[in-house]
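So you can see what is in the structure, the chains are spelled out below.
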Amino acid sequence: MEKKRVYTFGNGKAEGKADMKNLLGGKGANLAEMNLIGVPVPPGFTITTEVCAEYYDLGQDKVVELLTKEVEKAVANIEGLMNSKFGDIENPLLLSVRSGARASMPGMMDTILNLGLNDEVVEGLVRKTGNARFAWDSYRRFVQMYGDVVLGMKPTNKEDIDPFEAIIEEVKEEKGVALDNQLTVDDLKDLVKRFKAAVKNQTGKDFPTCAYEQLWGAVCAVFNSWMNERAILYRKMEGIPAEWGTAVTVQAMVFGNMGDTSATGVCFSRDAGNGEDLFNGEYLINAQGEDVVAGIRTPMQITKIGSQRWAELAGVSEEKRAGEFASLEEAMPEIYKELDAIQTKLENHYRDMQDMEFTVQDGKLWFLQTRNGKRTGFAMVKIAMDLLKQGMIDEKTALNRVEPNKLDELLHPVFDKKALAKANVLVKGLPASPGAATGQIVFFADDATVWADEGRKVILVRIETSPEDLAGMAVAEGILTARGGMTSHAAVVARGMGKCCVSGAGALNIDYKKRTIEVNGKLLKEGDYLSINGTTGEVYEGKIETIAAEVSGDFDDLMKLADKYTKLQVRTNADTPHDAQIARDFGAVGIGLCRTEHMFFEGEKIKAMREMILAENAEGRKKALAKILPYQQEDFKGIFKAMNGFPVTVRLLDPPLHEFVPHDLKGQEDMAKTMGVSVEIIRQRVHSLSEQNPMLGHRGCRLGNTYPEITEMQTRAILGAALELKKEGIIAKPEIMVPLTGILYEFKEQEGVIRSAAEKLFAEKGDRIDFSVGTMIEIPRAALTADRIASSAEFFSFGTNDLTQLTFGYSRDDIASFLPVYLEKKILKVDPFQVLDQKGVGQLVRMATEKGRSIRPDLKCGICGEHGGEPSSVKFCHRVGLNYVSCSPFRVPIARLAAAQAAIEE
Ligand code: PEP
Ligand code: MG
């Protein structure tokens, strides 16, 4: 049997359904499903995502040939249901052609509306509808959209506006009118003529008049748009594979631009910004869908309450609001009732917040799309917890609804209140995506990328953003636009990225050519500082410091729920009491890695450390170590206190030595003075410490084994701190960890030093404390001989940073020289230093755990490399049966959630 490439839907019947997203794309699958559950949807058909792959394999002509029979049959099906004919002069059917991948990619690919018009058909449409204005407006829109998307009519220069918009401006000026809707039917006819002439002029081709030629052009353009720059970039950001491809959905047009009984809108069953359980959205009377999302006209609110809130923000009087800006609820109450009933039905059906598009054609409501709505991290947590409370979903589903990495957004900065009190509000826009951001004004996406590469923080300021601005949006701290509502692309994309955004700040006068903003009598230039609050919509002049966010409520409830299912414990990597406290607040149940070398970065401590490294013999080192000991002991006390009762793994020194010694003359002179030797001696010593690759040099337990007095001092500091706290009634649970072990005897030597230093200290103090001695597993040889090592080591902690370095043979410090190319060429799918390589490095982790436990069944195993806070790696650690993961404090919630999801997936 011939492969099926086209799936039809309409009039309550459909060949597809909701769970066929992989084949039909999200849009196609949900349109089919809506038909099946009785939601009014214009009839149509979906060309499968598999055809997208065929398109790239076989090329345009072959794919059109493969599709022709099925598409013609499906068009005939629409014609039957709509009682009209595609391309017919008397009773024309118009079509829309839209993209739809498995995962939603809002605005990244192309759409063509009003397809099937030409100079004769438009007259037919005039006769059929008796509405010349509508017919010619649709034709004008079609030529413009088709010209842009299919025929590639773009501005030649980034400072120029769209060529069609330029023609519209030209005509409006000639006619002396300010608004599009003041153009007469003759003006619209004139526009179409000029548009077509511009197409001929720029492309050398006539605008196609045959309906099927138009249709194939549009279908292929949608397939092409799968590979446009912004779609590729979006996929990269969202981790969507290029192989998935897009489906193409072709549907009978319904018209929101047929006059004042027609409208179009976008709505959400809950608030995508803050998660509030409140139906909301925006609409425009007498308009087509792209007018709402493109942010060209600022739309009105769907509900009365939304409209009132909007008016308050915008400073619009109640009288004006209820008149000129009336909500759909007030302007079209019957339609609103039906809309509200269907949105409830759809949310109940999908059991998740829905993002929907609708059109009202001459008093009849049609749904054009529904999908699970994109939302901020904050809304994601609130909606999941609310749906759980409302009994719509169960606990496990609630946990799975939250994307671990997106929790990061909840921990986002807000403005420092004191700094904010002194700040000047320049203008107010819509609170399109929450958070606080401060940076330098930049007007063009490509400039934003360059500036960000130079390490500058930027706010991307645009009149309105188009999806082409995506790269600039991704690198900006925040986005500010003069036009567009809450459902404009700028707002939707920013929320998806968790990026702070203020949109529709209409008082901004942006001049791209001069690169300035004029606002309320003030002139700001490119490079000036600006601060924006995406939660309130306020825009401030200058730079305002930001601080970390506070988390509680739903977030806490979610974390508690996660703990109910989690088997893996989550510890933190922390080297200071401050970081340890943050991690405790985020629910870490211990420290998995305290890097003691990081304790020397500040003040006088670095000097003592340098003295120890630069000393020529054991005697000199002991002198320096005696200075270090009290610092270390105090630091350990602080950390043990913050972790009151929870275990703390302290790693013995593991510094690439030469990083700690002074390389500048001033520093060397300082050290010469401190140590009472000549600068020349210091210089020679620094020179002798330099290594070709310090990461593979004199570090880890190689240091403790060559200079055992260091291990001795650290043991005294750790256990001394614990003994002192014991007197204060504070329990410390130290775990002393030997770094970079590769050979059993390296570990045994160190263990010997630790245990004898401990016994000596206990005898001196007349008291003792329980502690364990274990090792990092971060050298492949250690993993391979883990059973031998476990005969002595009481715990393992996988240092997957070094283990990745040594398994791949990629230097941790030098990977940047080739990694981008490897990712580009897909030699590597991801950076293995961020996402654990489960096939290779992961195999070593699994094997070492098994081997270690074969000798010591209760061997505690954890991971403390960067991977300990990365969701897919955390899940892997769960499957391998590790006891804990350890990550930086801000990733603790992410790891806790990922651990719960791993347990649920079991
Ligand atoms: C590791 O190698 O994974 C590790 C945690 O140690 P460091 O990053 O300090 O080398
Ligand atoms: Mg390491």
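Residues numbered from 1 in each chain as written. Chains lettered and ligands numbered in written order. Predicted model: local features only at pLDDT ≥ 70, side-chain atom pairs only at ≥ 80, totals over all residues. Heavy atoms only, no water.

A.B. asks: What's the story with the site of ligand 1 in this structure? I'm lost.
C.D. replies: In the vicinity of ligand 1 there are 13 residues, among which Arg595, Glu778, Gly799, Asn801 and Arg812 approach most closely. The contact in question runs from an oxygen atom of ligand 1 to an N or O atom on the side chain of Arg651, over 2.9 Å. Arg699 places a side-chain nitrogen or oxygen 3.0 Å from an oxygen atom of ligand 1. Look at ligand 1: alone it shows 290 Å² of surface, and the protein chains cover 96% of it. Counting only elements with at least two residues in the shell around ligand 1, the list comes to β28 (591–595) and α32 (800–808). (Near = heavy atom within 4 Å. Polar contact = N/O pair within 3.5 Å; in protein donor to acceptor, adjacent residues only side chain to side chain. Areas by Shrake-Rupley, 256 points an atom, 1.4 Å probe, with all protein chains shown as cover. Helix = DSSP H or I, 4+ residues; strand = E, 2+ residues; numbered from the N terminus.)

A.B. asks: What is the right way to read the coordination of the magnesium ion (ligand 2) from this model?
C.D. replies: Four donors placed tetrahedrally about a metal ideally form angles of 109.5 degrees, and six donors placed octahedrally ideally form angles of 90 or 180 degrees. Protein ligation of the magnesium ion (ligand 2) involves Glu778 (OE) and Asp802 (OD), the donor distances falling in the range 2.0 to 2.1 Å. Placement of Glu778 in the loop between β31 (772–777) and α30 (780–784) and of Asp802 in helix α32 is noted, with a sequence separation of 24 residues between them. A relative accessible area of 2% places Asp802 in the buried class. (Donors = N, O, S within 2.8 Å, 3.2 Å for Na, K, Ca; no water. Buried < 20%, exposed > 50% of the residue type's maximum accessible area, 1.4 Å probe, protein only.)

A.B. asks: Mind showing me how you'd approach the sheet that holds strand β11 (residues 300–301) here?
C.D. replies: Sheet strands pair by backbone hydrogen bonding; their relative direction is either parallel or antiparallel. Strand order in the open sheet formed by five strands is β11-β10-β9-β12-β13, with antiparallel pairing between adjacent strands. Whereas interior strands pair on both sides, the edge strands pair on one side only; in this sheet they are β11 and β13 (364–372). Examined bridge by bridge, strand β9 (residues 263–268) and strand β10 (residues 280–285) share six bridges and lie antiparallel to one another. Paired with Cys267 across the strands is Gly281, a residue of β10. (Pairing = 2+ DSSP bridges.)

A.B. asks: I tried to follow unusual backbone geometry on my own but got confused; where do I start?
C.D. replies: The phi angle of most residues is negative, glycine excepted, and most peptide bonds adopt the trans form. Backbone geometry at Asn11 places phi at a positive 60°, although glycine is not the residue there. Inspection of the secondary structure assignment puts Asn11 in the loop between β1 (6–10) and β2 (13–14). For Asn114, which is not a glycine, the phi torsion comes out positive at approximately 65°. With respect to the helices, strands and loops of the structure, Asn114 is situated in strand β7 (residues 111–115). By relative accessible area, Asn114 is classed as buried at 0%.

A.B. asks: Can you help me understand the sheet that holds strand β25 (residues 538–541) in this one?
C.D. replies: Taken together, eight strands build an open sheet; the order of strands is β15-β25-β24-β17-β18-β19-β20-β16 and the sheet is mixed. Every other strand in the sheet has two partners, leaving β15 (425–428) and β16 (430–433) as the edge strands with one partner each. Across the sheet, the mean angle from the axis of one strand to that of its neighbour is 30°, orientation sign disregarded. Taken together, the five bridges between strand β17 (residues 436–442) and strand β24 (residues 529–533) define a ladder with antiparallel strand orientation. When the sheet's bridge partners are listed, Gly439 is paired in β24 with Leu530. (Axes fitted to C-alpha atoms, helices over the stretch in contact; angles between N-to-C directions.)

No statement about biological role is implied by the geometric values presented.
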